[in-house]
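Coordinates in review
Here is how the chains run, residue by residue.
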Amino acid sequence: MITAVYPGSFDPVTNGHLDIAIRASRLFDIVIMAVFDRPNKRLLFDTDQRVALLREAVGDHPNIKVDTYSIMTVDYVQHVGGSVIVRGLRDPRDFDAEFQMAQINQRLAPKVDVVLFMADHKYTFFSSTTVKELASLGRDVSWLVPPHVDEALRRAYLQPQE
Ligand code: ADP
C-alpha cells in the first residue's frame, strides 16, 4: 500500500491543486493533502480555514485525506508511513525549486521519493496568489476555484483587512 503526501500552503485550494490530487489518487492508495501550518508566506486563511476548504473540496474522493502539519515535510511523510511526496509542476521555475528541494529531501529521507505531476494546461498559469490578487480586486475567480472557495474569497475580501 502506497501513501502519498501532497504538501502545500493551499491558501486557498484551487482547481489546479485539485487536479493534481485527483490524478495522484488514481496512482496511489492514499493521498494526504497536507496543509503546512506556518509557511513563510503572508496567509489569507488560517490553518483551520485552509483545512476546512480543502475537506469540502475533496469530500467525494474516498482515498484523498486532508491533514495539517508543522514539522519538516519529509518527517511528516515518514510519520504517516508515506513513501511519496506529490508536487505539481507548472513551469521550469517550479521544476528548479522542486529539484533543489528533492536533492535535500533525498539526503534527509532516502526512502521517500518525489513524484512530480505536469500541471494540466488549463491550470498552468495561476497560483493561489494570483487567485487572491484577482479576488481582492473584485474580479471573478469562479473559473479557478471550487464554488465554496469562491464564496470564502468573496467573504474574506468584503471584510476590511487588519
Ligand atoms: P507551496 O507553498 O508549497 O508552493 P502551494 O499550495 O502554492 O504550496 O502549492 C502546492 C503544490 O501545488 C506545488 O507543487 C505547486 O507547484 C502546485 N500547484 C500550485 N498551483 C497549481 C496549479 N494551478 N496547477 C497545478 N499545480 C499547482
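In what follows, the accompanying structure is described. (Residues numbered from 1 in each chain as written. Predicted model: local features only at pLDDT ≥ 70, side-chain atom pairs only at ≥ 80, totals over all residues. Heavy atoms only, no water.)

1. Re the pattern of salt bridges
- All told, the structure shown has eight salt bridges when counted by the stated rule.
- When the shortest N-O distance is used, the salt bridge between K122 and D120 registers 3.4 Å.
- By relative accessible area, which is 45% here, K122 ends up partly exposed.
- Of the residues examined, D120 reaches a relative accessible area of 21% and is grouped as partly exposed. (Salt bridge = Lys/Arg side-chain N within 4 Å of Asp/Glu carboxyl O. Buried < 20%, exposed > 50% of the residue type's maximum accessible area, 1.4 Å probe, protein only.)

2. With respect to the nonpolar core
- Grouped together as the largest cluster of nonpolar side chains are 34 residues, with contacts concentrated most on Y6, F28, M33, V86 and L153.
- At the level of elements, strand 1 (3-8), helix 1 (15-27), strand 2 (30-36), helix 2 (47-58), strand 3 (64-69), strand 4 (84-89), helix 5 (128-136) and helix 6 (147-158) are the ones that each hand at least two residues to this core.
- Leaving out residues up to four positions away in the same chain, L153 has contacts with P12, L44, F45, V131, K132, A135, V141 and V145.
- Counting residues in each nonpolar core, the second largest holds 10 residues, with V5, A34, V74 and Y76 among its members. (Core = buried A, V, L, I, M, F, W, Y, C linked by side-chain atoms within 4.5 Å. Helix = DSSP H or I, 4+ residues; strand = E, 2+ residues; numbered from the N terminus. Contact = heavy atoms within 4.5 Å.)

3. Regarding the site of the ligand
- Contacts to the ligand come from 17 residues, most closely from Y6, S9, K41, G88 and Y123.
- Take H17: an N or O atom from its side chain is 3.1 Å from an oxygen atom of the ligand.
- A distance of 2.5 Å separates an oxygen atom of the ligand from a polar side-chain atom of K41.
- Here the ligand loses 89% of its free accessible area of 550 Å² to cover by the protein chains.
- Here the residues of the shell around the ligand are counted per class, giving seven nonpolar, five polar and five charged. (Near = heavy atom within 4 Å. Polar contact = N/O pair within 3.5 Å; in protein donor to acceptor, adjacent residues only side chain to side chain. Areas by Shrake-Rupley, 256 points an atom, 1.4 Å probe, with all protein chains shown as cover. Nonpolar A, V, L, I, M, F, W, Y, C, P; charged D, E, K, R; others polar.)

4. A look at the packing of aromatic side chains
- Under the counting rule described, the total for this entry stands at seven aromatic pairs.
- Centre to centre, the rings of Y6 and F10 are 5.3 Å apart; their planes meet at 85°, and the pair counts as edge-to-face. Per residue, the accessibility class of Y6 equals that of F10, and both read buried.
- Ring plane angle 25° and centroid distance 4.8 Å describe the contact between Y69 and Y76, whose orientation is recorded as stacked. There is no split in this pair, since Y69 and Y76 are both buried.
- Taken together, the aromatic side chains of Y123, F125, F126 and W143 make up a single cluster linked through ring pairs. (Phe/Tyr/Trp six-rings, centres within 6.5 Å; stacked < 30°, edge-to-face > 60°.)

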